[in-house]
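One-letter residues, chain by chain:
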Amino acid sequence: ALRAMSPIEQLDYVEKYLQNAKSAAGFSSNDKLSGGDLYALTFLPARAKNNTLTSAGENYYAHNKGLDKNGDGQITKDELSQRIQSFYVSDNTFLA
């Protein structure tokens, strides 16, 4: 049923997922999350409060080593934030 919904219709479910993941990861309901935090809640929720999410030698790292932007053998929330920023668009993009 979720797959048949439009992206707008899915947003309530996305919000519920993120609220549950935020709580399970140990964030308080008042914590403001960065883009890296949000990405981490989806990528590796059990480690979302850590800055370093995974390191070389772990399966998580091996399957996602392209996210290690500086090649130091660690995937960090800072690197995830940088990845998200590369997809940002200006509000002007949507102006007619």
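Residues numbered from 1 in each chain as written. Predicted model: local features only at pLDDT ≥ 70, side-chain atom pairs only at ≥ 80, totals over all residues. Heavy atoms only, no water.

Caption draft 1: View of the nonpolar core. Counting 13 residues, the largest nonpolar core has Leu41, Phe43, Ala48, Leu53, Ile75 and Leu80 as the members making the most contacts within it. Ranked by residues supplied to this core, first place goes to helix 2 (residues 35-43) with three residues. The contacts of Phe43, once residues within four sequence positions are left out, are Leu53, Thr54, Asn64, Leu67, Ile75 and Leu80. (Core = buried A, V, L, I, M, F, W, Y, C linked by side-chain atoms within 4.5 Å. Buried < 20%, exposed > 50% of the residue type's maximum accessible area, 1.4 Å probe, protein only. Helix = DSSP H or I, 4+ residues; strand = E, 2+ residues; numbered from the N terminus. Contact = heavy atoms within 4.5 Å.)

Caption draft 2: A look at helix 2. Every buried residue of helix 2 is accounted for by Gly36, Asp37, Ala40, Leu41 and Phe43. Check the buried side of helix 2 and you find it contacts helix 1 (7-24), strand 1 (52-55), strand 2 (74-76) and helix 4 (77-85). Where helix 2 begins, the side chain of Ser34 points an oxygen toward the backbone nitrogen of Gly36, at a separation of 3.2 Å. (Polar contact = N/O pair within 3.5 Å; in protein donor to acceptor, adjacent residues only side chain to side chain.)

Caption draft 3: Local environment of a nonpolar patch on the surface. On the surface, Ile8, Leu11 and Val14 cluster together into a nonpolar patch covering about 300 Å² of accessible area. Here Ile8 lies in helix 1. Judged by its relative accessible area of 66%, Ile8 is exposed. (Patch = residues over 30% accessible without salt bridge, like charges linked within 9 Å, V, L, I, M, F, W, Y side chains within 5 Å. Areas by Shrake-Rupley, 256 points an atom, 1.4 Å probe, with all protein chains shown as cover. Salt bridge = Lys/Arg side-chain N within 4 Å of Asp/Glu carboxyl O.)

The analysis is restricted to geometry; functional conclusions fall outside its scope.
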